Amino acid sequence: QVQLVESGGGLVQPGGSLRLSCAASGFSVSGSAMSWYRQAPGKGRELVAVISSAGSRTMYVDSVKGRFTVSRDNAKNTFYLQMSMLTYDDTAVYFCKAIVTGSTYWGQGTQVTVSS
């Protein structure tokens, strides 16, 4: 059974940092492309970052380039989103997504709130 569980969200001041984790079970992250999305209040879900199945390629939405880094730890079967220089516009629920044997799986989301 494929399952994704996000953690690491919380309240942070502008300019601060957080690291989100997405713990996977039921499949190996080392062979899967993984993505982070976010959904701000009143807005649609937005793709934030992608890491390829081999881990050699990453992609970021322009608004987070240079501030966010996606990575994975195959031994822990977990992938991460390191976020720095956070702004109010980064406030959202963050979701991880995996495509496993043609089916799409989502985590439950973790809230990130940037506020002074």
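Our subject is the structure that appears above.
Rules and cut-offs
Residues numbered from 1 in each chain as written. Predicted model: local features only at pLDDT ≥ 70, side-chain atom pairs only at ≥ 80, totals over all residues. Heavy atoms only, no water. Pairing = 2+ DSSP bridges. Helix = DSSP H or I, 4+ residues; strand = E, 2+ residues; numbered from the N terminus. Axes fitted to C-alpha atoms, helices over the stretch in contact; angles between N-to-C directions. Phe/Tyr/Trp six-rings, centres within 6.5 Å; stacked < 30°, edge-to-face > 60°. Buried < 20%, exposed > 50% of the residue type's maximum accessible area, 1.4 Å probe, protein only. Lys NZ or Arg CZ within 6 Å of the ring centre and 35° of its normal.

Time to look at the sheet that holds strand β1 (residues 3-7). Spatial strand order, β1-β3-β8-β7: 4 strands in an open sheet with antiparallel pairing. Where the open sheet ends on each side, the last strands, each with one partner, are β1 and β7 (68-73). The average angle at which neighbouring strand axes cross in this sheet is 15°, direction not considered. Note: β1 against strand β3 (residues 18-25), 5 bridges, orientation antiparallel. Pairing of Ser-7 across the sheet is with Ser-21, part of β3.

The final tally for this structure, using the stated rule, is 3 aromatic pairs. Aromatic side chains Trp-36 and Phe-79 sit 5.1 Å apart centroid to centroid with 35° between the ring planes, which places their arrangement in the tilted category. Of the two residues, Trp-36 is situated in strand β4 (residues 34-39) and Phe-79 in strand β8 (residues 78-83); the sequence distance between them amounts to 43 residues. Of the residues examined, Trp-36 reaches a relative accessible area of 0% and is grouped as buried. For Phe-79, a relative accessible area of 0% translates into the label buried. Among the aromatic residues, ring-to-ring pairing joins Tyr-37, Phe-95 and Trp-106 into one connected group. Positioned over the ring face of Tyr-80 is Arg-19, at 4.2 Å from the centre of the ring. Just above the ring of Phe-95 sits the side chain of Arg-45; from NZ or CZ to the centre is 3.7 Å.

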